[in-house]
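Listed below are the residues making up each chain.
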Amino acid sequence: MFARRLSKELKDLAMNAPAGVNIIDANDFKVWKLGLAGAPGTLYDGEKFQLEFNFGPNYPLESPQVLFVGDNIPVHPHIYSNGHICLDVLYNHWSPVQTVASICLSLQSMLSSCTSKEPPPDNATYVKTARSNPKHTAWAFHDDTV
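Residues numbered from 1 in each chain as written. Predicted model: local features only at pLDDT ≥ 70, side-chain atom pairs only at ≥ 80, totals over all residues. Heavy atoms only, no water.

Under an unreviewed UniProt entry, the name given to the protein is Ubiquitin-conjugating enzyme E2 W, and the source organism is Linnemannia gamsii.

When helices and strands are counted, the protein shows 3 helices and 4 strands. Traced from its N-terminal end to its C-terminal end, the protein shows the element sequence α-β-β-β-β-α-α. Taking 2.2 N^0.38 as the reference for a compact globule, 146 residues should give roughly 15 Å; the C-alpha atoms of the protein span a radius of gyration of 15 Å, in line with that estimate. Considering only C-alpha atoms, the protein reaches an extent of 40 × 35 × 25 Å along its principal axes. The buried share of the protein, taken over its 146 residues, is 42%. When contacts within the protein are restricted to residue pairs at least 6 apart in sequence, long-range pairs at least 24 apart make up 59% of them. As displayed, the protein offers around 7,900 Å² of accessible surface, 53% of which is attributable to carbon and sulfur atoms. Taking the average place of the 11 positive charges on the side chains of the protein and the average place of its 14 negative ones, the gap between the two points comes to 8 Å. (Helix = DSSP H or I, 4+ residues; strand = E, 2+ residues; numbered from the N terminus. Rg over C-alpha atoms; globule rule 2.2 N^0.38 Å. Buried < 20%, exposed > 50% of the residue type's maximum accessible area, 1.4 Å probe, protein only. Contact = heavy atoms within 4.5 Å. Areas by Shrake-Rupley, 256 points an atom, 1.4 Å probe, with all protein chains shown as cover. Lys, Arg positive; Asp, Glu negative; His and termini not counted. Charge placed at Lys NZ, Arg CZ, Asp CG, Glu CD.)

It is worth spelling out the pattern of salt bridges at this point. Taken as a whole, this structure holds 4 salt bridges when the rule is applied. The partner of Lys 117 in a salt bridge is Glu 47, with the nearest N and O atoms 2.3 Å apart. Remark: Glu 47 occurs in the loop between strand S2 (31-37) and strand S3 (48-54) and Lys 117 occurs in the loop between helix H2 (100-112) and helix H3 (123-129); sequence separation between them is 70 residues. (Salt bridge = Lys/Arg side-chain N within 4 Å of Asp/Glu carboxyl O.)

Scanning all chains against the criterion turns up 7 aromatic pairs. With a centroid separation of 6.0 Å and an interplanar angle of 70°, the aromatic rings of Tyr 44 and Phe 49 are classed as edge-to-face. Taking the relative accessible area as the measure of exposure, Tyr 44 reaches 0% and is therefore buried. Between the aromatic rings of Phe 53 and Phe 55, the centroid separation amounts to 6.2 Å while the plane-to-plane angle is 15°, which identifies the pairing as stacked. Considered together, Phe 53 and Phe 55 belong to a single accessibility category, that of buried residues. A connected cluster of aromatic rings, assembled from ring pairs, spans Trp 32, Phe 53, Phe 55, Tyr 59 and Trp 94. (Phe/Tyr/Trp six-rings, centres within 6.5 Å; stacked < 30°, edge-to-face > 60°.)

This is the structure we're talking about:
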């Protein structure tokens with residue numbers, strides 16, 4: 001099931017990617033790298049970021065692991081310097097109707113609504129102690145203002 005779904009999503013992304021989203025590498029159904037550009041008129045205007053999507057065999061019933069990777073991790077109150085993202089739709093509010101494109105739009109929205117480039121207050125501690133897979137983190141979703 002997941003190969004057919006990912007094949008359709010990849011075709012849709014290739015033909016009609018959301019503004020600011022581009023495919024960097026999607027040669028298999030395990031790991032995709034996408035580019036995400038900061039939206040015009042926001043704090044991240046002109047910045048380019050890389051996202052890595054890791055798909056398990058239960059996608060879309062289970063969310064993919066999504067990380068910011070590369071040399072330019074956004075400085076944002078909900079994005080840790082190791083690339084982990086604190087966003088409820090990636091974890092406990094995941095729904096199989098969501099797609100890679102919808103995740104990218106959620107991330108663009110999160111970046112666009114940010115009013116101050118600041119790391120999460122617990123960034124140093126979290127990065128030292130976090131597992132490599134952010135899906136193993138017990139996230140506390142309490143601030144949706146940024």
